[in-house]
Amino acid sequence: MSSEQETILQFAPWESFVSPTFWHKLAELKLDHDRLSDTKRSITGHYTNRNANGCLLEVDYTAYNRSSQPPKFSHSASGTIYNKNTIEEFKALDKLQLLADEGKELLADMCSGRVLADPSLLTRFFVLSFADLKCHSYYYWFAFPCPLTPTLKQQGVVQKLRDLPNANRYVEALKTLPSESQNFFILYANAEQQVYEARKLSTLAEGEVEHYYFGFTDPSEYEHPAWLMRNYAAFLLQQCPSFVGKTLRFLGLRYNQQMQMDDSRIWQVTQTEACDLKQSGEVKYVGWELNKNAKMGPRLAQMRDSMDPAKLAENSVNLNLKLMKWRLVPDLNLEVIAQTKCLLFGAGTLGCAVARNLLSWGFKHITLLDNGKVGFSNPVRQNLYTHADAVAGNRMKATTAAERLREINPSAETAGHVLEIPMPGHTIGESLFAQTEEHLLVIEQQVRDHDVIFLLTDSRESRWLPTLLGAANQKVVINAALGFDSYLVMRHGSTREEAGDAGQEIEGLKCIRGSQLGCYFCNDVTAPGNSLKDRTLDQQCTVTRPGVSNIAASYAVELLVALLQHPRRELAPAYYAQSARGKSEEEAAGKVPEGLLGILPHSIRGMLCNYENILPATQKFAQCIACSSAVLEAYRKEGHAFLFKTFETAKYLEDLTGISEFKRLNSEIIDFDDEEFDMSEEDED
C-alpha cells in the first residue's frame, strides 16, 4: 500500500455529560460522609453506541454506587473523583502529576493482564472537582488518561461493515456476543475455512492477527473512532509486540435506533515504532478535556437554577447542621431531630421564637395551638407575623404561624389549631360545654401524636392541662416562662419508668434521676387560679424586656436538643451543687457530667438585671397538682369528668392532692420563691 494512502489516525475526544443528580449526590456525600476528607472516591460512568450523539461519557447519581449496572444499551467506564475542600486546593493541584498518576494505574492494569480479565478498565476517566455547597456551584475538570504512544497510521479509507464481503456472516457472528462483552472483543474471520466468530478479548492469540478484527463499542458519531480506541491500540501493541509494523483491523461497533449494526466502521492501522510502556517513568500522558471555550481549563456547573426550590431550601437549611458533624460534633444525630414531632402550646412571643429555633435545628414536624388573632402590637415582638396580618383583622395566630414556617422551610410539616385551652378555676358555662369537649379531644389527640410538648402560654393556669397530659402520655415536656427581666426554662421529669443509670456519685453534687425531676407545678402548694381576674392591663399582659423571650426560647430549644442527644433522653439525671454559694460551688459545678452537647440541667433561671443564670434542680412533689400519681390516676379513671371538676374550681385539686393541709406550713419548705425572681408566667396577650 503506497504511502500516499496513509494518513494519521485521529480520534474523537470524549465529551463529558454530567447529570444534575451527580452533583446532588456529591453534595450529600460531602456533607454526610466525606466531610473534611478529600480522599479520592471510585465512581463509574457509562456510554452508548446506539444512535450515538457526539462521543459522550455520562455520569449521574448512580456513579457513586459500589455495584452499579449501566443503563440498557450502555457500557461502564471506570472512574475516580478527587473532590477538594477549597477552591485554592483545586487550583493549586499539579494537574500534570495527577494525570500521570492516573495514567500509571492504567498502565499497571495493561501490563499486569488485568485488562484481559476486565476490558472495561481501558475506558478510564477521572474528575477533579470543588463543590461550593453554599452557592451550589461545582467546578470540575474531566480527564481521560491515555499514554502518549507513537502515531497510528490509517491505511486506506474507512469501511462500513455492510460493505465487507460476506457482511451478513460478520453480523450473525456479532449477534452471538453477549451485550456485556461488546465493549472490547475480537471478531475472528477466516474466509478460507468459512469461520466467523465473536470471541472475548481474553482469547487473544498473537499468531492469528491476520484473522482478527479488534472490536469495541464505538460511541462516536464521526468518521473518527472514539478516544477509547487509542487505549485499546496501546494495550494490544504492548501485549503483543509482534503487532508493531503490522496492519491491524479495528471494528467500531455502532448501532442505529433499530439496533442494526450495518454502519459500524472498520479502520486499518499501523504503528511502525515500538514503545515499551513498562518503562512507565518515560511515558507521557494526555487526556484533559477542553472546556466549552475549547481551551484547556475546568468547567463550572451552576445548580441553583436547575434545582427544585424546595430541595434547594432543604439542602441550605441543613448545611449548617451537617457542617457541625465535620469536626465539631461528629456524633450529632440529626435524624432523631428531623423525626421528632413538636407540639407548641402558645403561638405568641415565645411560640414564634421557639418555632423559628426549631426550624434552625432541623425539626420538621411542628404544630401550634392558640386561640388568639394577630394584633397590631404583635408583629414587632412575634417574628412570624406582619403588619398586614394585623390589618386583615381575622388572621389567627396558630394557622398563620404554621403557614409562615412552611414559607421559611417548604419541607417542614406544620399545622395550626385554633382552640381554647381549658384552665383550672375558669368555669365552663353550658353554652361552651360542647365546644370545650371538642377542644379537649383535639388537644388530647395532638399530645398523643407528638413526641415533645412546649409550654409557652401566657398564664400559669393555662400550663396545667398540657402538663397533666404530657405526664399522662409520657411525653417530653419543655417549659418556658417569662418575668419582666427574668426567665425560667425547664424540662419536666419523665413519668416513664425504666431501670438504668441512677447517676454518678460526685462529691459536692446532688443527683436527681430523670424520673424523679419535678414539673412546673411541683414547687407550688396551691392550685392555679384565674390570674386574669381583678387585674389591671399591665398585670394581664406579660410585660417583659424584649430580649428575654428570645433568650428563653433559645434555651428551651437547646435544652431539648441536648436531651435528644443524651443516651437516656428524658430519663437523663440532673445535678446541682449542694455547697454554699461561692468558690466551692463553682468547683462542684465544674464536675457535672457532660453529654454530647454539654451539661443537661433540670432548669435554667436567669435574670437580665445582673446577666446571671443559675441551674437549680428539684425533685417531684408527691402532692403536685399536675403530675402526682393521685391526679394522673383520677384523670385516667374519670377522663373529662375529672377535668371539668378542676375547671369549675381549682380547690378541687388542692383537696384531691392534700395540699390544702400544707397552707398552714411555713413557706421555708419551698426551694425557690418565684417572687424573688419576679417571675410572671410568660408570653404576651
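If you check an unreviewed UniProt entry, the protein appears there as Ubiquitin-like modifier-activating enzyme ATG7 from Drosophila kikkawai. Annotation of the protein in UniProt includes, under Sequence similarities (unreviewed entry), the sentence "Belongs to the ATG7 family." In UniProt, the protein has this text filed under Function (unreviewed entry): "E1-like activating enzyme involved in the 2 ubiquitin-like systems required for autophagy."

1. Describing the overall build of the protein
Along the backbone of the protein there are 19 helices and 26 strands. In the protein, which comprises 685 residues, the proportion classed as buried is 52%. Once local pairs closer than 6 in sequence are excluded, the contacts in the protein between residues at least 24 apart make up 75%. For the protein, the accessible surface area stands at approximately 31,400 Å², while carbon and sulfur atoms represent 48% of it.

2. What to know about the packing of helix α12 (residues 430-449) against helix α18 (residues 640-648)
Two numbers describe how α12 lies on α18: the axes approach to 12 Å, and their chain directions differ by 120 degrees. Crossing geometry of α12 relative to α18 is assigned as right-handed. Where α12 abuts α18, its residues Phe433, Thr436, Glu437, Leu440, Leu441 and Glu444 lie against His640, Leu643, Phe644 and Phe647.

3. Points about the side chain of aspartate 34
Here aspartate 34 is to be found in helix α1 (residues 20-34). At 2.5 Å, the side chain of aspartate 34 forms a polar contact with the side chain of arginine 41.

4. Focus: empty space enclosed by the protein
Within the structure shown, the criterion is met by four cavities of 30 Å³ or more. Of the volumes computed, that of the largest cavity is approximately 70 Å³. For the largest cavity, the lining is made up of 13 residues, of which Ala471, His492, Gly493, Thr495 and Cys627 are closest to its centre. Looking at the lining of the largest cavity, the element that brings in the most residues is helix α13 (residues 464-472), giving three residues. Classifying every residue of the lining of the largest cavity by side-chain character gives five nonpolar, six polar and two charged.

5. Description of the environment of leucine 405
Relative to the assigned elements, leucine 405 resides in helix α11 (residues 397-408). Once the C-alpha coordinates of leucine 405 and cysteine 352 are considered, the two residues, 53 residues apart in sequence, prove to be 9.4 Å apart.

6. Points about the sheet that holds strand β18 (residues 365-370)
With mixed pairing, the eight strands of this open sheet are ordered in space as β19-β18-β17-β20-β21-β22-β25-β26. The open sheet terminates on both sides in strands that have one partner only, identified here as β19 (413-418) and β26 (612-614). Here the strands of the sheet are splayed against their neighbours by 15 degrees on average, with no regard to which way each runs. As paired strands, strand β20 (residues 452-455) and strand β21 (residues 476-482) are joined by four bridges and run parallel to one another. Considered in β21, the bridge of valine 452 is made with valine 476. On top of the sheet, helix α9 (residues 349-360) reaches β17 (341-345), β18, β20 and β21; it is set at about 165 degrees to β17, its chief contact. Contacting β17, β20, β21, β22 (486-491), β25 (603-607) and β26, helix α15 (residues 546-565) crosses the sheet at an angle of about 15 degrees to β22.

7. What about the state of the cysteines?
Counting across every chain of the model gives zero disulfides. Cysteine 522 supplies the cysteine sulfur nearest to cysteine 627, a cysteine that is in no disulfide, at a spacing of 3.5 Å.

8. Quick notes on the pattern of salt bridges
Summed over the entire model, instances satisfying the criterion amount to 24 salt bridges. One salt bridge connects aspartate 389 with arginine 404, and the closest N-O pair in it is separated by 2.4 Å. A residue pair is termed long-range when its members are at least 10 positions apart, and aspartate 389 in helix α10 (residues 387-392) and arginine 404 in helix α11 qualify at 15 residues. Residue arginine 404 is classed as buried on the basis of its relative accessible area, which comes to 13%. Note that glutamate 633 and lysine 637 form a salt bridge whose closest N and O atoms lie 4.0 Å from each other. Placement of the pair is glutamate 633 and lysine 637 together in helix α17 (residues 629-638), with a separation of four residues, close to one helical turn. Taking relative accessible area as the criterion, glutamate 633 reaches 38% and is therefore assigned partly exposed. Overlapping salt bridges bring together Lys40, Glu102, Glu105, Asp109, Arg114 and Arg124 as one network.

9. Details of unusual backbone geometry
With a phi angle near 55 degrees, arginine 35 is a residue other than glycine that sits in the positive phi range. Examined against the element boundaries, arginine 35 turns out to sit in the loop between α1 and β3 (41-48). A relative accessible area of 17% places arginine 35 in the buried class. In this structure, asparagine 51 takes a positive phi of about 50 degrees despite not being glycine. With respect to the secondary-structure elements, asparagine 51 resides in the loop between β3 and β4 (56-59). Using a relative accessible area of 48% as the deciding quantity, one classes asparagine 51 as partly exposed.

10. Quick notes on α1
For α1, with 15 residues, the first-to-last C-alpha span of 20 Å sits near the 21 Å given by 1.5 Å per residue. Among all positions of α1, only Phe22, Trp23, Leu26, Ala27, Leu29, Lys30, Leu31 and Asp34 are buried. Just downstream of α1, arginine 35 is the residue with a positive phi angle, here 55 degrees.

11. Overview of the packing of aromatic side chains
This structure, assessed with the given rule, holds 31 aromatic pairs. Centroid distance phenylalanine 126 to tryptophan 288: 5.2 Å. Interplanar angle 80 degrees. Geometry classified as edge-to-face. Within this pair, whereas phenylalanine 126 is found in strand β6 (residues 124-132), its partner tryptophan 288 is found in strand β15 (residues 285-288), the two being separated by 162 residues in sequence. Pair check on accessibility: phenylalanine 126 and tryptophan 288 agree, each one buried. Where phenylalanine 214 meets phenylalanine 243, the ring centres are 5.9 Å apart and the plane angle is 50 degrees; that geometry is what we call tilted. A residue pair is termed long-range when its members are at least 10 positions apart, and phenylalanine 214 in strand β12 (residues 212-217) and phenylalanine 243 in the loop between α6 (228-239) and β13 (247-253) qualify at 29 residues.

12. Some thoughts on the environment of tryptophan 14
Take tryptophan 14: it is sitting in the loop between β1 (6-8) and β2 (15-18). For tryptophan 14, the residues in contact, after removing those within four places along its chain, are Tyr47, Cys55, Leu56, Leu57, Thr123, Phe144, Pro219, Trp227, Leu228 and Glu289.

13. Concerning the environment of alanine 562
Along the chain, alanine 562 falls in helix α15. The sequence separation of alanine 562 and proline 601 amounts to 39 residues, and the corresponding C-alpha distance is 9.7 Å. When residues no more than four places from it in sequence are discounted, the contact partners of alanine 562 are Leu597 and Leu600.

14. A word on the pairing of β6
As a general feature of sheets, a regular strand has side chains that alternate between the two faces. Burial analysis of β6 places eight of its nine residues in the buried class, the great majority of the element. Remark: four residues form the turn of the hairpin made by β6 and strand β7 (residues 137-147), two consecutive strands paired antiparallel; histidine 136 in that turn has positive phi of roughly 55 degrees.

15. Some points on the nonpolar core
Considering soluble globular proteins, one finds that nonpolar side chains tend to be buried as a cluster. Core analysis: the biggest nonpolar cluster contains 80 residues, and Phe214 and Phe250 have the highest contact counts within it. Looking at which element gives the most residues to this core, the answer is α6, with eight residues. If sequence neighbours within four positions are ignored, phenylalanine 214 has contacts with Phe185, Ile186, Leu204, Val209, Tyr232, Leu236, Phe243, Leu248, Arg249, Phe250 and Leu251. One finds Leu334, Leu344, Ala355 and Val489 within the second-largest nonpolar core, a separate group that totals 53 residues.

Rules of the game
Residues numbered from 1 in each chain as written. Predicted model: local features only at pLDDT ≥ 70, side-chain atom pairs only at ≥ 80, totals over all residues. Heavy atoms only, no water. UniProt positions renumbered as here; feature names shortened; annotations may be inferred. Helix = DSSP H or I, 4+ residues; strand = E, 2+ residues; numbered from the N terminus. Buried < 20%, exposed > 50% of the residue type's maximum accessible area, 1.4 Å probe, protein only. Contact = heavy atoms within 4.5 Å. Areas by Shrake-Rupley, 256 points an atom, 1.4 Å probe, with all protein chains shown as cover. Axes fitted to C-alpha atoms, helices over the stretch in contact; angles between N-to-C directions. Left-handed = near helix turned anticlockwise from the far one by under 90°. Polar contact = N/O pair within 3.5 Å; in protein donor to acceptor, adjacent residues only side chain to side chain. 1 Å grid on protein atoms, 1.4 Å probe; cavity = no way out; pocket = protein on both sides within 12 Å on 5 of 7 lines; lining within 4 Å. Points joined across faces, edges and corners; volume = space filled by probe spheres on them. Nonpolar A, V, L, I, M, F, W, Y, C, P; charged D, E, K, R; others polar. Pairing = 2+ DSSP bridges. Disulfide = S-S within 2.5 Å. Salt bridge = Lys/Arg side-chain N within 4 Å of Asp/Glu carboxyl O. Expected span 1.5 Å × (residues − 1). Phe/Tyr/Trp six-rings, centres within 6.5 Å; stacked < 30°, edge-to-face > 60°. Core = buried A, V, L, I, M, F, W, Y, C linked by side-chain atoms within 4.5 Å.

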